[in-house]
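Understanding the architecture of this molecule
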Amino acid sequence: MSGVKKEFVQLLANYGHIGFTFAAAIMIGLAGGIYLDQKVFDGRTAPWFTFIGLAFGIAAAYKSLLEVLWRNKDKDEKKDQDK
């Protein structure tokens, strides 16, 4: 595989990972909130735990996004120093 194609595949995998983890974190947080509202508290707290779960999911998604960006920034800085 040529260098350009290899780099393209790595970038594609990296950005695909970002999108998947972003969506998965939000869905897991939302599902957890809905579960708490409907099953644990029998709907008495609806929609509060749904909103809280959604907020935690969004926060986790952005945390994951920032971790990936920081990791890539460190890799880019290391590449620049090696040149």
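We now turn to the structure provided with this report. (Residues numbered from 1 in each chain as written. Predicted model: local features only at pLDDT ≥ 70, side-chain atom pairs only at ≥ 80, totals over all residues. Heavy atoms only, no water.)

Turning our eyes to something else, we now look at the overall build of the protein chain. Secondary structure assignment for the protein chain yields 2 helices and 0 strands. Taking 12 Å as the expected radius of gyration for a compact globule of 83 residues, we find that the protein chain reaches 19 Å, considerably beyond that expectation. Seen through its principal axes, the protein chain has C-alpha atoms that stretch 60 × 25 × 15 Å. For the protein chain, contacts bridging at least 24 residues in sequence account for 53% of all contacts bridging at least 6. Accessible surface, the protein chain as shown: approximately 6,600 Å² in total, 68% of it carbon and sulfur. For the protein chain, the distance from the average position of its 11 positive side-chain charges to the average position of its 9 negative side-chain charges is 5 Å. (Helix = DSSP H or I, 4+ residues; strand = E, 2+ residues; numbered from the N terminus. Rg over C-alpha atoms; globule rule 2.2 N^0.38 Å. Contact = heavy atoms within 4.5 Å. Areas by Shrake-Rupley, 256 points an atom, 1.4 Å probe, with all protein chains shown as cover. Lys, Arg positive; Asp, Glu negative; His and termini not counted. Charge placed at Lys NZ, Arg CZ, Asp CG, Glu CD.)

In this structure, T50 sits in helix α2 (residues 48-82). Residue T50 is classed as buried on the basis of its relative accessible area of 16%. A distance of 2.6 Å separates polar atoms of two side chains, one belonging to T50 and the other to D37. With residues up to four places along the chain from it excluded, the contact list for T50 reads L30, G33, I34 and D37. (Buried < 20%, exposed > 50% of the residue type's maximum accessible area, 1.4 Å probe, protein only. Polar contact = N/O pair within 3.5 Å; in protein donor to acceptor, adjacent residues only side chain to side chain.)

Moving on, we get to the packing of aromatic side chains. Taken as a whole and judged by the stated rule, the model has 3 aromatic pairs. An angle of 80° between the planes, with centres 6.3 Å apart, marks the rings of W48 and F51 as edge-to-face. Separated by 3 residues within a single helix, W48 and F51 lie in helix α2, roughly one turn from each other. W48 sits in the exposed class, given a relative accessible area of 59%. Among the residues examined, F51 registers a relative accessible area of 47% and is labelled partly exposed. (Phe/Tyr/Trp six-rings, centres within 6.5 Å; stacked < 30°, edge-to-face > 60°.)

With that settled, the discussion passes to the pattern of salt bridges. For the coordinates displayed, the defined rule picks out 1 salt bridge. A salt bridge links K63 to E67; the nearest nitrogen and oxygen atoms lie 2.4 Å apart. With K63 and E67 both in helix α2 and 4 residues apart, this pair spans about one turn of that helix. Under the relative-accessibility criterion, E67 is labelled partly exposed at 36%. (Salt bridge = Lys/Arg side-chain N within 4 Å of Asp/Glu carboxyl O.)

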